Amino acid sequence: MLTLRIEHTDGTVSELDAIRASRTEDLDEQARAEATVYRSDWNDVEADLDERNDRLFLDVDGVDVFGGRFEDSRSEAGTVSVQLSSPETDANDAEPTPANLTYQNVADSTIVSDAITAVDTLSAGTVETVASAISYSASHASRSKQIRDQRKATGAEIRYNPDWTVDYLDRRGSDRGGVVLGPAESNIGDGFTKTLDIREEVTHVLALGAQDGPDQRMAEAVVSDYSAGKRPVWRRVEDKEIIDQDRLQQLAQTQVDEYDGEPRAIEVQATVFGVDLELGDSVSVDYPEENVSRSLRVVSLTTRWDEQGRVQEVTLSNRSRTRSSNQGDAKRNTDLQKFNRGYQGFVDRSQATSGWNPAESGTPQTLEIPAWPDDIVDEQRVELTVQGRAWRSPVESVGHEHAFSWRHAHGVDTTSSNNSDYQTVVATGRAGYSSPQTLDDNWSTIGSVPTSGSFGVDTSEVAVVCALTPTNSPSGMGIRSLSIRLKNDSSDDYYPDSDGIRAREITEAPVPFPALEAPENANGDSYSLEAQTNFTSEYGSLDVAVAAGYWADGQHVHGVDSTTTNGGVNEDTTSSEAAFKPGVTTTFENTEYYPSDVTITVNGTSVATIAGDDTSSWDETVDLTGELQAGSNTITAEPADRGELNLILSSELFRRGRTN
């Protein structure tokens, strides 16, 4: 019994008796069905039919053999032929994928499951993993295409069931070893036709993907028994939407696997009686008149039901993945859609340079890559060219000098053999002790110091030094203090100043005091040595004696210590001059420095060492394919010695663009 059942969106059900019905299935095309009903019955339900949302089922003896959507109707006299399409229509009509849906190294079952989930009316049936690691990209593709693309790459087979579940299987049907089709079995009609019988001893498959010319994605696969020296036989398969290399490789391998061991392509069509075949079944075909005697597979199947029973029209082939039918109108339509809405990625060629900079051990040359792409399909070329040249300066020296004066005053031991660097001693002299002087808390002159007349000295180059020694300290007075100063009688200047210095705290024993020194170049002036103490008339007085003298240094040599100013040394730089001019200098103290033994690191990890050349300019190239990460990267080059380096990163990347 044949029935066309309509399940309306409002929950009601309409059932119409069918006069005849058919179901057509193909491994590579959407399944369809057709039911012929009485026109009067159709007229009763047509007004209530929601052509977009109602579900229609073909029921044979109480079993749903097909379920799908209304596609079209055609009137013929007193009957109406109602055409149905499988639930794949829902996958085709659902919201397409984003502009660049991308998967990287995932199971094909994941891609298929995601596509099914994206269609509200569908649910997953049996979804098997045929390929465990595949990359896939789609742009505004239907969910139906998303699923079918996996079949093309992996050879898996698809079934949309009447209950709106979707199966994704390694293969449909089964091996029907006990079934033989042929005239001798009386199960095959007179319309047996061999539609294809050619030899195709294919050894190589070239799969061509996105882009064109030298930028086109390509993959090759070779049959297992091919060896060098044999004549190769090539076939090409094209899919301009494929930008993922491993997916393209999977496609080439799928094709080769079917060619391997099948040098002869055979396809036959026949009408079969008395055998219940399913799409994907493998059966034996024995038809001597057509020179066919081998196992073939059902690749397309139409089952018809009418009042006389059931009959099946089959297409059997030894090729289910490389069938020539894939080159017909269906493929041309598919290719047109790919051209209109496909996305083929793009080739990105770029170059970045660090510029020349000095580098040495501990101070590497650096190249920053701020934004390495995250949408790279394939790094076709990533190379770092390292250039080395001599260390250089951008100016030339024309010489320079520093003039300075060195002023000092000190005694000279003219008898010491240690003063070998003294050149000439002019004169030395010392006055005798003066009479003891009695001091109190007022400043008193205790001696005068002439600077001319007595010693035959050039007084323009002498320094005056005075010293005094207490000769008497009243007993029982404890600690006493004594202050002294040196006065220029001509200018009334005091040294070190008018307050003098506290020379020493003394006890009862006479103690010598340090010297006072007037500035250099006394120039014939006379000097007085003045002193005071904290004694008063109540405590008595303090007697001191003074010794005065002066001396001049002869011309001699000192090493210059720029950090030392004590010990009587006073360095006074009075002028300086340094001159440079623009120029390129590569020689320093008769030596040129070229970088060598250069260590290359990427993000802190050493990836290569370049020998370079320590005698001349050079350049070398390092392959950095796979070394850079998405986002920021730092490339450094550190020589063992010193020199100048320039880093140039050249890349040629096949990219997919922004991803979803």
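Residues numbered from 1 in each chain as written. Predicted model: local features only at pLDDT ≥ 70, side-chain atom pairs only at ≥ 80, totals over all residues. Heavy atoms only, no water.

Q: I'm lost on the overall build of the protein chain in this one. Help?
A: Scanning the protein chain for helices and strands turns up six helices and 41 strands. When the accessible area of the protein chain is evaluated, it comes to approximately 32,900 Å², of which 43% is carbon and sulfur surface. (Helix = DSSP H or I, 4+ residues; strand = E, 2+ residues; numbered from the N terminus. Areas by Shrake-Rupley, 256 points an atom, 1.4 Å probe, with all protein chains shown as cover.)

Q: How should I be thinking about helix 4 (residues 143-154) in this particular structure?
A: Given 3.6 residues per helical turn, the α-helix brings residues three or four places apart onto the same face. In a regular helix each residue adds 1.5 Å, so 12 residues correspond to 16 Å; helix 4 covers 17 Å between its end C-alpha atoms and thus fits that length. The element helix 4 is largely enclosed, with a buried count of 11 among its 12 residues. Among the residues of helix 4, those classed as buried are Arg-143, Ser-144, Lys-145, Gln-146, Ile-147, Arg-148, Asp-149, Gln-150, Arg-151, Ala-153 and Thr-154. In the stretch just after helix 4, Gly-155 is the one whose phi turns positive, near 85°. (Expected span 1.5 Å × (residues − 1). Buried < 20%, exposed > 50% of the residue type's maximum accessible area, 1.4 Å probe, protein only.)

Q: What am I meant to see in the sheet that holds strand 10 (residues 157-160) here?
A: Strand pairing in a sheet is mediated by backbone hydrogen bonds. Such pairs are either parallel or antiparallel. Overall, mixed pairing links the three strands, which are arranged 8-11-10 in an open sheet. What marks the edges here is a single partner per strand, and that holds for strand 8 (123-127) and strand 10. Taking the axes of each pair of neighbouring strands and ignoring which way they run, one obtains an average angle of 20° across the sheet. In this structure, strand 8 lies alongside strand 11 (residues 165-169), joined through three bridges in parallel fashion. What sits directly across from Val-127, in strand 11, is Tyr-168. Each of strand 8 and strand 11 touches helix 3 (residues 108-117); the most contacted strand, strand 8, lies at about 155° to it. Helix-sheet contacts for helix 4 involve strand 10 and strand 11, and the interaxial angle to strand 10 is about 150°. (Pairing = 2+ DSSP bridges. Axes fitted to C-alpha atoms, helices over the stretch in contact; angles between N-to-C directions. Contact = heavy atoms within 4.5 Å.)

Q: Which parts of the structure should I look at to understand the packing of helix 3 against helix 4?
A: Packed helices, taken two at a time, are described by the angle between their axes plus the distance between the axes. Packing of helix 3 against helix 4 leaves a shortest axis separation of 8 Å and a crossing angle of 160°. The pairing of helix 3 with helix 4 is recorded here as roughly antiparallel in orientation. In this structure, helix 3 crosses over helix 4, and the sense of that crossing is left-handed. Counted together, Asp-108, Ile-111, Val-112, Asp-114, Ala-115 and Ile-116 of helix 3 and Arg-143, Gln-146, Ile-147, Gln-150 and Thr-154 of helix 4 form the full contact between these two elements. Residues that form the contact of helix 3 with helix 4 fall into these classes: five nonpolar, three polar and three charged. (Parallel < 35°, antiparallel > 145°, perpendicular 65-115°, else oblique. Left-handed = near helix turned anticlockwise from the far one by under 90°. Nonpolar A, V, L, I, M, F, W, Y, C, P; charged D, E, K, R; others polar.)

Q: What exactly am I supposed to notice about the side chain of Arg-5 here?
A: Structurally, Arg-5 is set in strand 1 (residues 2-7). In this structure the side chain of Arg-5 is engaged in a polar contact, spanning 3.4 Å, whose partner is the side chain of Glu-7. (Polar contact = N/O pair within 3.5 Å; in protein donor to acceptor, adjacent residues only side chain to side chain.)

Q: Would you take a moment to explain the sheet that holds strand 16 (residues 234-238) for this structure?
A: Strand order across the open sheet formed by three strands is 15-14-16, with mixed pairing between neighbours. The two strands at the open ends of the sheet, each matched to only one other strand, are strand 15 (218-222) and strand 16. The mean angle between the axes of side-by-side strands here comes to 20°, regardless of whether they run parallel or antiparallel. For strand 14 (residues 204-208) and strand 15, the ladder comprises five bridges, and the chain directions are antiparallel. The partner of Val-205 across the bridge, within strand 15, is Ala-221. Packed on one face of the sheet, helix 5 (residues 245-259) meets strand 14, strand 15 and strand 16 and runs near 30° to strand 15.

Q: Got a minute to help me understand helix 3 in this structure?
A: Residues of helix 3 that are buried include every one of Asp-108, Ser-109, Ile-111, Val-112, Ala-115 and Ile-116, and no others. Along the long axis of helix 3, the arc covered by the buried residues comes to 160°, so they all point the same way. Elements that come into contact with the buried residues of helix 3 comprise strand 7 (101-106), strand 8, strand 9 (134-138), helix 4 and strand 11. (Arc of directions from axis to C-beta.)

Q: How should unusual backbone geometry be read in this particular structure?
A: When glycine is set aside, most residues are seen to have a negative phi, and most peptide bonds are trans. The phi torsion at Asp-61 lies on the positive side, around 55°, for a residue other than glycine. Note on placement: Asp-61 falls in the loop between strand 4 (55-60) and strand 5 (63-76). Residue classification places Asp-61 among the exposed residues on the basis of a relative accessible area of 58%. Backbone geometry at Asp-492 places phi at a positive 60°, although glycine is not the residue there. Its relative accessible area of 47% is what places Asp-492 among the partly exposed residues.

Q: Help me out: how do you make sense of the side chain of Asn-646 in this one?
A: Along the polypeptide, Asn-646 turns up in strand 41 (residues 642-655). According to the relative accessible area criterion, Asn-646 is buried, its value standing at 6%. A polar contact of 2.9 Å, which involves the side chain of Asn-646, links it to the backbone nitrogen of Gly-355. Once residues lying within four places of it in the same chain are set aside, the contact partners of Asn-646 are Thr-353, Ser-354, Gly-355, Trp-356, Gln-365, Thr-385, Val-386 and Gln-387.

Q: Is there a simple way to explain the pairing of strand 38 (residues 605-612) in this structure?
A: When a strand is regular, its side chains alternate between the sheet's two faces. Bridging between strand 37 (residues 596-602) and strand 38 involves six bridges; their strand directions are antiparallel. Of the residues in strand 38, the one forming a bridge with Thr-601 is Ser-606. Here strand 37 hands over to strand 38 after two residues, with Asn-603 in that stretch at a positive phi of 55°.

Q: Whenever I open this one, the pattern of salt bridges confuses me. Can you help?
A: Side chains that differ in sign of charge can pair as their charged atoms come close. Scanning the model with the defined rule gives 32 salt bridges in all. Where Arg-23 meets Glu-25, a salt bridge forms, and the shortest distance between an N and an O atom there is 3.4 Å. Glu-34 is the partner of Arg-74 in a salt bridge, and the nearest nitrogen-oxygen pair spans 3.3 Å. Taken as a pair, Arg-74 in strand 5 and Glu-34 in strand 3 (residues 29-38) lie far apart in primary sequence, 40 residues in all. In this structure Glu-34 comes out as partly exposed when scored by relative accessible area, which is 25%. (Salt bridge = Lys/Arg side-chain N within 4 Å of Asp/Glu carboxyl O.)

Q: Explain the packing of aromatic side chains to me, please; I cannot follow it from the model alone.
A: Two aromatic rings are characterised by how far apart their centres lie and by the angle between their planes. Taken as a whole and assessed by the stated rule, the structure comprises three aromatic pairs. A centroid spacing of 6.1 Å and a plane angle of 20° characterise the contact between Trp-42 and Phe-70, whose relative ring orientation is stacked. With Trp-42 in helix 1 (residues 39-46) and Phe-70 in strand 5, the pair connects residues that are 28 residues apart, well separated along the chain. When its relative accessible area of 2% is taken as the criterion, Trp-42 is described as buried. Owing to a relative accessible area of 12%, Phe-70 belongs among the buried residues under this scheme. Judged by centre distance (5.8 Å) and plane angle (65°), the ring pair of Phe-57 and Trp-164 falls under edge-to-face. Of this pair, Phe-57 sits in strand 4 while Trp-164 sits in the loop between strand 10 and strand 11, placing them 107 residues apart in sequence. (Phe/Tyr/Trp six-rings, centres within 6.5 Å; stacked < 30°, edge-to-face > 60°.)

Q: Looking at this model, I keep getting lost on the environment of Ala-265. Mind explaining?
A: Mapping Ala-265 onto the fold places it in strand 17 (residues 264-272). The sequence separation of Ala-265 and Asn-318 amounts to 53 residues, and the corresponding C-alpha distance is 6.5 Å. For Ala-265, the residues in contact, after removing those within four places along its chain, are Leu-196, Asp-197, Ile-198, Glu-200, Asn-318 and Arg-319.

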